[in-house]
Amino acid sequence: MGSTAESAAGRLWNDVRRQGVLLSRALGAREPSEALLARAPRAWMRVLPHVLAFAAAASLLPTGIVVLLNDYGLPGALAGLLGVAQAAPLLLAAARPLSAWYIVFVADILTALALLLWADTLGNQAWPWPPPAIIGYLLLCLPLSLRLPRRTLVAVWLATVAAAVLLGLLNPDHSPGSNVLLVVLSGVVLLLGGAVRERSEAQHVSEVERARRTLLEERARIARELHDVVAHHMSVITVQADSAPYRIEGIPEAAREEFATIAGTARQSLAEMRRLLGVLRSEGSEGSDGDPQLAPQPGLDELDALVESAVHAGVDARLTRSGEADGLPQAVTLSAYRIVQEALANVVRHAPGSAVTVTVAVDDARSALRVEVVNGPAAAPARPLESHGTGHGLIGMRERTRLVGGELDTGRTADGGFRVAAVLPLAEPTRGEIS
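Procedures and definitions
For every chain, the first residue of the written sequence is number 1, and numbering continues from 1 along that sequence. The predicted origin of the model limits local features to residues at a pLDDT of at least 70 and limits the giving and counting of side-chain atom pairs to 80 or more, whereas totals for whole chains, interfaces and linings rest on all residues. Side-chain descriptors were evaluated using all non-hydrogen atoms of the structure, hydrogens and water having been removed beforehand. The helix and strand labels rest on DSSP assignments: H or I over at least four residues marks a helix, E over at least two residues marks a strand, and numbering proceeds from the N terminus. Burial status follows relative accessibility: with a 1.4 Å probe on protein chains alone, a residue under 20% of its type maximum counts as buried, one over 50% as exposed, and anything between as partly exposed. Every accessible area reported is derived by Shrake-Rupley at a probe size of 1.4 Å, with residue values counting cover from the shown protein chains alone. Under this scheme, a helix contributes an axis fitted over its contacting stretch, all axes are lines through C-alpha atoms, and angles between N-to-C directions fall in the 0 to 180 degree range. Just so you know how the angles are binned, under 35 degrees is roughly parallel, over 145 roughly antiparallel, 65 to 115 roughly perpendicular, and the rest oblique. What makes a crossing left-handed is the near helix being turned counterclockwise from the far one by less than a right angle; a clockwise turn instead makes it right-handed. By the convention used here, residues are in contact when the closest approach between their heavy atoms is within 4.5 Å. When residues are sorted by character, Ala, Val, Leu, Ile, Met, Phe, Trp, Tyr, Cys and Pro go into the nonpolar class, Asp, Glu, Lys and Arg into the charged class, and all the rest, Gly among them, into the polar class. If DSSP finds at least two bridges between two strands, the strands pair. Only one rule defines a salt bridge in this text: a Lys or Arg side-chain nitrogen within 4 Å of an Asp or Glu carboxyl oxygen.

### With respect to the overall build of the protein
So, point 1. Within the protein, the regular secondary structure consists of eleven helices and five strands.
So, point 2. Per-residue burial over the protein gives 36% buried out of 435 residues.
So, point 3. Of the roughly 24,100 Å² that the protein leaves accessible, carbon and sulfur atoms contribute 59%.

Pasting the structure below:
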């Protein structure tokens with residue numbers, strides 16, 4: 001009788017091991033590249049899965065050994081070995097859930113076979129899965145479902161069902177209760193955890209796409225505004241080249257032809273820029289009457305009105321200027337205006353009622369324009385006026401800073417406010433192109 005049970009147990013173990021290898025190869029299951037919550041913004045959130053895994057292993061390890069020793073009557077050494085094999089792998093649950101599952105799955109099967117062969121008596125005890133084994137398996141299924149793809153979770157559940165059915169065939173009198181319980185509960189945990197993971201991944205993809213779309217929209221907006229700046233200078237070149245032969249006496253014929261060529265090239269460049277602008281224009285960039293917006297691009301002179309509008313919106317804003325600002329490149333002044341505009345808009349949306357200081361300074365050597373917007377915490381704890389901004393925020397600031405070859409520094413202040421600081425060089429940028 002004993003040899004028959006041992007041979008049946010051996011065949012069962014070989015079948016389970018073979019099926020597990022086949023499933024693993026067929027699905028190409030791989031460990032996740034990083035631990036659970038590894039990208040969480042706070043340190044305690046990144047540590048939390050490891051703490052919970054340690055707590056689960058520390059509580060189930062002695063409990064499992066005591067149950068196997070006292071309730072099932074296994075020898076002490078065997079009970080200790082199987083109890084450790086069932087509980088210790090939970091320490092890997094946060095970082096290597098699939099490896100932990102392989103170990104626990106094998107340990108649970110070996111425990112069921114050991115109970116069948118060496119237990120004094122099963123009596124009314126649950127078999128093939130003791131209560132601590134069921135709890136540990138379900139706790140492991142949770143991080144497993146949060147880190148692995150759907151097909152791997154299906155394979156894990158099918159392996160659980162196969163092991164339950166095969167073990168149940170060895171001892172039908174004791175198998176139905178714990179077998180059904182483990183199969184159903186593990187399926188529920190894997191299903192719910194997988195649904196949470198897939199929803200989180202879909203949300204992440206949506207956020208990435210939204211950030212990419214925002215970047216493209218902001219670059220198109222910058223291109224439209226730069227058209228106005230460059231078109232002005234090209235128009236001046238055209239007028240000067242056309243009028244030079246009439247303003248300057250005694251110009252040789254070769255020089256006249258050269259001026260005519262310059263004027264023609266400038267007109268052709270303007271026409272190509274207008275065609276490009278027509279491609280970039282969209283319904284969202286048109287005025288209410290359907291015509292493209294033709295208002296002059298703003299600069300430093302319009303900062304007073306911009307700060308005043310923020311004051312009307314409930315922000316205690318103050319503007320400070322220093323240095324000689326006449327004759328600055330229009331691209332630089334436009335970028336400075338847009339950076340201040342977006343920074344103030346963020347304050348109005350996310351920190352209503354706070355005090356804001358806007359500082360615009362030109363270096364003594366006129367080498368750079370420095371823009372700084374610093375706001376304190378909100379005047380009173382309140383829900384922000386908007387839960388979502390325009391979508392251009394820091395992305396637009398960085399693009400405009402890159403455009404003129406400058407540097408941007410942003411971050412929270414010690415008192416809970418926020419600081420935006422940009423250094424915009426006044427010399428011709430060498431690496432400010434938009435790629």
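### So, unusual backbone geometry
So, point 1. A cis amide bond, omega 10°, links W127 with the succeeding residue P128.
So, point 2. Tracing the backbone shows P128 in the loop between helix 4 (97-118) and helix 5 (131-147).
So, point 3. Although it is not a glycine, L37 sits at a positive phi angle of roughly 60°.
So, point 4. Of note, L37 is situated in the loop between helix 1 (2-27) and helix 2 (43-71).

### A short note on the packing of helix 10 (residues 330-350) against helix 11 (residues 393-403)
To characterise two packed helices, one gives the angle between the axes of the helices and the distance between these axes.
So, point 1. Packing of helix 10 against helix 11 brings their axes to within 10 Å, and their N-to-C directions diverge by 165°. Taken together, the axes of helix 10 and helix 11 are roughly antiparallel relative to one another. Helix-helix and strand crossings are classified by hand; for helix 10 and helix 11 the assignment is left-handed. Contacts from S335, R338, I339, E342, A343 and N346 of helix 10 reach helix 11 at G393, M397, R400, T401 and L403.
So, point 2. The residue inventory of the contact of helix 10 with helix 11, partitioned by class, reads four nonpolar, four polar and three charged.

### Quick word on the sheet that holds strand 3 (residues 368-375)
So, point 1. Pairing is mixed in the open sheet, where five strands are placed in the order 1-2-3-5-4. Strands with a single pairing partner mark the edges of an open sheet, and in this sheet they are strand 1 (316-322) and strand 4 (407-412). Between one strand axis and the next, the sheet turns by 10° as a mean value, whatever way the strands run.
So, point 2. Relative to strand 1, helix 9 (residues 303-312) is tilted by about 165°, and along the sheet it contacts strand 1 and strand 2 (355-362).
So, point 3. This element, helix 11, spans strand 4 and strand 5 (418-425) of the sheet and lies at about 155° to strand 4.

### Quick notes on the pattern of salt bridges
So, point 1. Tallying each qualifying case throughout the model produces twelve salt bridges.
So, point 2. Between D316 and R318 there is a salt bridge, and its shortest N-O distance comes to 3.0 Å.
So, point 3. A relative accessible area of 35% means that D316 is categorised as partly exposed.
So, point 4. Note that R370 and D363 form a salt bridge whose closest N and O atoms lie 3.2 Å from each other.
So, point 5. Exposure remark for R370: the relative accessible area of 40% places this residue in the partly exposed category.
So, point 6. Taken together, the shared-partner salt bridges connect R150, R197, E198 and E201 into one network.

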